[in-house]
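What the coordinates show
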Amino acid sequence: MPTLHDALTVADGMLSPLTADSTAHSRTYTGVMFYDPATPVTDYRDRIVLASGVSPADAAALAVAVDEVGVAAIVVRRNANDDGVPSIRDAGLRTPVLGHHDADWAQLAAVLRSLLSAHSVGHMTGVRLGDVFGLANALATLAEGAVSVVDASGQVVGYSTHSDQPIDDIRRRSTLMLQEEVPVSHDPDYHALLRAPTSRHFPSDTDQFGRVGVAVRAAGELLGSIWVIQVDPELAPRTQKLLEEAEPIAAQHLLRARENAAERDHRNSALLRTLLEDERHARSAAAQLLIRPEAGCTLVCFRVDTFDDVEAVRGIHRLQHLAISVSSAAFPGSHTAVIGSQAVTLVPGSPTARIRTFAQSVIRTDTSLIAGIGSRAHDMAGIARSYREASAAVSMLLGAPHGLERTRPARIATFDEMRDRLAVLQVTDLIDGLDSTVGDAASIITEHDAAQGTDLIRTVRTYLDLLGSVRETAMALHVHQNTVRYRLDVIRTELGVDLDSPDTRLWLWLRLSAAPR
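Our subject in this report is the structure included herewith. Predicted, not measured: the structure shown is a model, and the values here were computed from it.

1. Some remarks on the pairing of strand S14 (residues 369-373)
- In terms of burial, S14 is largely enclosed, as five of its five residues are buried.
- Residues Leu369, Ala371 and Ile373 of S14 are buried on one face, and the alternating residues Ile370 and Gly372, pointing to the opposite face, are buried as well.
- In terms of strand pairing, strand S11 (residues 297-304) meets S14 through five bridges, oriented antiparallel. For Phe302, the partnering residue across the bridge sits in S14 and is Ala371.
- Relative to strand S15 (residues 412-414), S14 runs parallel, the two being bridged by three bridges. When the bridges of S15 are listed, Ala371 appears paired with Ile412.

This is the structure:
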């Protein structure tokens, strides 16, 4: 049976002892009941009695009334001013009296009743509330099967890490992506689980393992679900019973994890933004984030390459969750926040090779993700510079040409790899402000395209990018080589642009380098 020590631990601050008894923590209980004046007091034997409808002033009288029948403990409301507490302390009671600091008695009852499962006592009560990965590992040990914890949106928020437990391809892919492979809105198994009043076993139709799942709710709100890989179908009833018994405490873990994540994300976003953009308060923000710039750190920026605004918003928050999960495991002390249209991760210490591996681990889950990596920083100014570099690198990848596969960069790049290209863009920014651009070769070709509906500017840009190779230009544009030669001849003869002049070619290439691809 669970003890009062277990109850105090899992309540996580909602309860505190009001009477001093050195043996109270070792007391066990067999049930949890709300106080009802019509119920004989003998029915409360070995139970925790929740005095939810009793005022603090009447709590002492109730405690005396149940003291003789062997009640495990009585829980009374404890106000900020401790009304009624002195009289309870002075009553010389043998029954432990606990004070409840929260008004949600239903939640407290669910937490205390969750400990009545024989499986959970001594196993799940030792998991820190809100530690979803710890919860998954505890359940995996008890169920003897790999466990995934999924929130209501389909995000995998925790999974077991026991290396000796078999997993199937679906579990492997969902763990890699930190998201269910089939969206929950289209998953018939998920819908069947939500309709079921208890846990369910889903046998496999293939050679892969079956699964046992349970929906996790609190006060009618769906928080998520827990899934266990069931290697042996004959043991499924045992796994189902375990999940049903564990569901109340799993709900508490998911609630606390959600609160912790929201608080952490809000705090980190504000502090990381201050660190990167507010020079006056950057050092204070670094101290609060426990960052030591002199030890070295690197900034990584992630973006979602999509034209769909709604999908971009969804993607950036999923990307943040993914970056937090991967970086937390690989780099203790890392921080991730959404800043503008980017998910920004600050990685302390590690060499560039490991940081590139981390970025690859994030973007390989989705072909629409790209990443830019700044240079390593060793002071406050360097951190802001690394952020600007990473942001510039990812912006370059976002605007990379799709038609020129040979020259298109990968979906991940460091600032050093993009340095020359970024320098060229800075030069073109200066060129755009010069009078020399008016009526030059680039303007002549652009105006001809607009008037005639041709695409000479793309042809000459590709031709210059590929070092004047007609054959490779034709391949890149998917046209015949004679078509390329004809277009170049129009530029030379009809428009009077001397493509054989090195100065003209350099000027044209600089003018066209910053143009949208």
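Following the structure, the description resumes.
2. So, the environment of Thr428
- Looking at the secondary structure, you find Thr428 in helix H13 (residues 415-432).
- The spacing of Thr428 and Leu510 is 82 residues in sequence and 6.0 Å in space, taken between C-alpha atoms.

3. What to know about the packing of aromatic side chains
- Enumeration over the complete set of coordinates arrives at five aromatic pairs.
- Pairing Tyr35 with Tyr44 gives two aromatic rings, centres 6.1 Å apart and planes at 40°, and the pair type is tilted.
- Accessibility expressed as a relative area gives 0% for Tyr44, which makes it buried.
- Relative to Phe358, the ring of Phe302 lies with its centre 5.8 Å away and its plane at 90°, an arrangement referred to as edge-to-face. Placement of the pair is Phe302 in strand S11 and Phe358 in helix H11 (residues 352-363), with a sequence separation of 56 residues.
- For Phe302, a relative accessible area of 0% translates into the label buried.
- Of the aromatic side chains, those joined through ring pairs into one cluster are Phe302, Phe331 and Phe358.

4. Digging into the sheet that holds strand S5 (residues 97-100)
- The strand order across the open sheet formed by five strands is S1-S5-S4-S3-S2, and the pairing between neighbours is mixed. The sheet is open, and its two edges are formed by strand S1 (15-17) and strand S2 (31-34), each paired on a single side. Going from strand to strand, the sheet's axes swing by 25° on average, the running direction of each strand aside.
- Looking at chain direction, strand S3 (residues 47-50) and strand S4 (residues 73-77) are connected through three bridges and run parallel. Bridge assignment links Val49 to a residue of S4, and that residue is Ile74.
- Along the sheet face, helix H1 (residues 4-11) touches S1, S3, S4 and S5 and points at about 140° away from the line of S1.

Thresholds applied
Residues numbered from 1 in each chain as written. Predicted model: local features only at pLDDT ≥ 70, side-chain atom pairs only at ≥ 80, totals over all residues. Heavy atoms only, no water. Buried < 20%, exposed > 50% of the residue type's maximum accessible area, 1.4 Å probe, protein only. Helix = DSSP H or I, 4+ residues; strand = E, 2+ residues; numbered from the N terminus. Pairing = 2+ DSSP bridges. Phe/Tyr/Trp six-rings, centres within 6.5 Å; stacked < 30°, edge-to-face > 60°. Axes fitted to C-alpha atoms, helices over the stretch in contact; angles between N-to-C directions. Contact = heavy atoms within 4.5 Å.

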